[in-house]
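Descriptive analysis of the structure
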Amino acid sequence: MRITKFGHACVRIEQDGQALVLDPGSFTEPEAVDGVGAVLVTHEHPDHLDVDRLRRVEVPVLAGEGVAQALRDQAPDVAERVQVVRDGDEVAAAGLRVTVHGEEHALIHQDIPRIVNTGFCVEDAVFHPGDSFTAPPHPVPVLLVPVHAPWMRLAEAVDFARAHASGQVVAVHDGLLNDNGLTVTGRVMGGLLEASGQEFRRVAPGDDL
């Protein structure tokens, strides 16, 4: 399996000649979607969902009802390709096995309504929680962990990683951090996870794990 990190929250997964991409949003390099057989979107916030990127490829889009409704409003042509998935579903995406987990975006503030957030586990090996700390079905070899967002504290990310990673912990949701922020976040998370026997990695956009 080849796993490539792209900008912010986007990851591309390839196996046996098949490829899918998760969360190619507005901070993601457009070419992240080129050649994929499916796009998975955790929720409709623009840093995870970008219509122009979805229009680069004529492939199925797997997402929750919130994304489906947003695309019906913004891009009916893309909405026609949406396959709505829900917590507990198991589906095939670009020939890869995907299970679906979670229902709610993490709380940003009590004054901001919560939206649907859909976590995806690919081939029982890679888990993307979207904007949440929804647990995967079991500890996974590659756990994608948000490291910076208005809805989280770094302590939560560390505890999430300790509980649910059986292998590598890979930073995502880092597109709003400058070099100083990336360095400090990596030092703190890396030190805490190393102390508990886990490996933390921050992968530059376009690089493979």
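Computed from a predicted model, the values in this text were never measured in an experiment.

Taken together, Val 184, Val 188 and Leu 192 make up a surface patch of nonpolar side chains, about 210 Å² in accessible area. Secondary-structure assignment places Val 184 in helix α5 (residues 179-195). Residue Val 184 is classed as partly exposed on the basis of its relative accessible area of 40%.

One open sheet holds the seven strands; their spatial order is β7-β8-β9-β10-β11-β12-β13, and the pairing between them is mixed. In the strand order of this sheet, the two ends are held by β7 (90-93) and β13 (199-201), each with one partner. With direction set aside, neighbouring strand axes in the sheet form an average angle of 25°. Of the pairings in the sheet, the one linking strand β8 (residues 96-101) to strand β9 (residues 119-122) comprises four bridges and is antiparallel in character. Note on β9: the bridge partner recorded for Val 100 is Phe 120. Against the sheet, helix α4 (residues 154-164) makes contact with β10 (126-128), β11 (140-146) and β12 (165-172), and its axis sits at roughly 170° relative to β11, the strand it touches most. The strands touched by α5 within the sheet are β11, β12 and β13, with β13 carrying the most contacts at an inclination of about 165°.

Glancing now at the sheet that holds strand β3 (residues 18-22). Spatially, six strands are ordered β1-β2-β3-β4-β5-β6 in an open sheet, and the strand pairing comes out mixed. One side of each edge strand has no neighbouring strand; the edge strands of this open sheet are β1 (2-5) and β6 (82-84). Each strand of the sheet is rotated relative to its neighbour by a mean of 20°, with strand direction disregarded. Pairing of strand β4 (residues 38-41) with strand β5 (residues 61-63), which is carried by three bridges, proceeds in the parallel orientation.

This next bit is on the packing of aromatic side chains. All told, the structure shown has two aromatic pairs when counted by the stated rule. Counting every residue linked through ring pairs, the aromatic cluster contains Phe 133, Trp 151 and Phe 160.

Before going further, it helps to spend a moment on the side chain of Asp 47. With respect to the helices and strands, Asp 47 occurs in the loop between β4 and α1 (51-54). As a buried residue without a salt bridge, Asp 47 has its nearest oppositely charged side chain in Lys 5, at a separation of 11 Å. In terms of polar contacts, Asp 47 uses its side chain to reach the side chain of His 8, at 2.9 Å. Among the polar contacts listed, one links the side chain of Asp 47 to the side chain of His 48, at a separation of 3.4 Å.

Glancing now at the side chain of Thr 118. Here Thr 118 lies in the loop between β8 and β9. Overall, Thr 118 belongs to the buried group, its relative accessible area being 2%. Apart from the residues lying within four places of it in its own chain, the contact partners of Thr 118 are Thr 42, Gly 64, Val 85, Val 100, His 101 and Gly 102.

Our focus in this paragraph is unusual backbone geometry. The phi angle at Asp 16 is positive, at roughly 50°, despite the residue not being glycine. By relative accessible area, Asp 16 is classed as exposed at 75%. Although it is not a glycine, Asp 124 sits at a positive phi angle of roughly 55°. Assignment of secondary structure puts Asp 124 in the loop between β9 and β10.

Conventions adopted
Residues numbered from 1 in each chain as written. Predicted model: local features only at pLDDT ≥ 70, side-chain atom pairs only at ≥ 80, totals over all residues. Heavy atoms only, no water. Patch = residues over 30% accessible without salt bridge, like charges linked within 9 Å, V, L, I, M, F, W, Y side chains within 5 Å. Areas by Shrake-Rupley, 256 points an atom, 1.4 Å probe, with all protein chains shown as cover. Salt bridge = Lys/Arg side-chain N within 4 Å of Asp/Glu carboxyl O. Helix = DSSP H or I, 4+ residues; strand = E, 2+ residues; numbered from the N terminus. Buried < 20%, exposed > 50% of the residue type's maximum accessible area, 1.4 Å probe, protein only. Pairing = 2+ DSSP bridges. Axes fitted to C-alpha atoms, helices over the stretch in contact; angles between N-to-C directions. Contact = heavy atoms within 4.5 Å. Phe/Tyr/Trp six-rings, centres within 6.5 Å; stacked < 30°, edge-to-face > 60°. Lys, Arg positive; Asp, Glu negative; His and termini not counted. Polar contact = N/O pair within 3.5 Å; in protein donor to acceptor, adjacent residues only side chain to side chain.

Read these as spatial facts, not as claims about activity.
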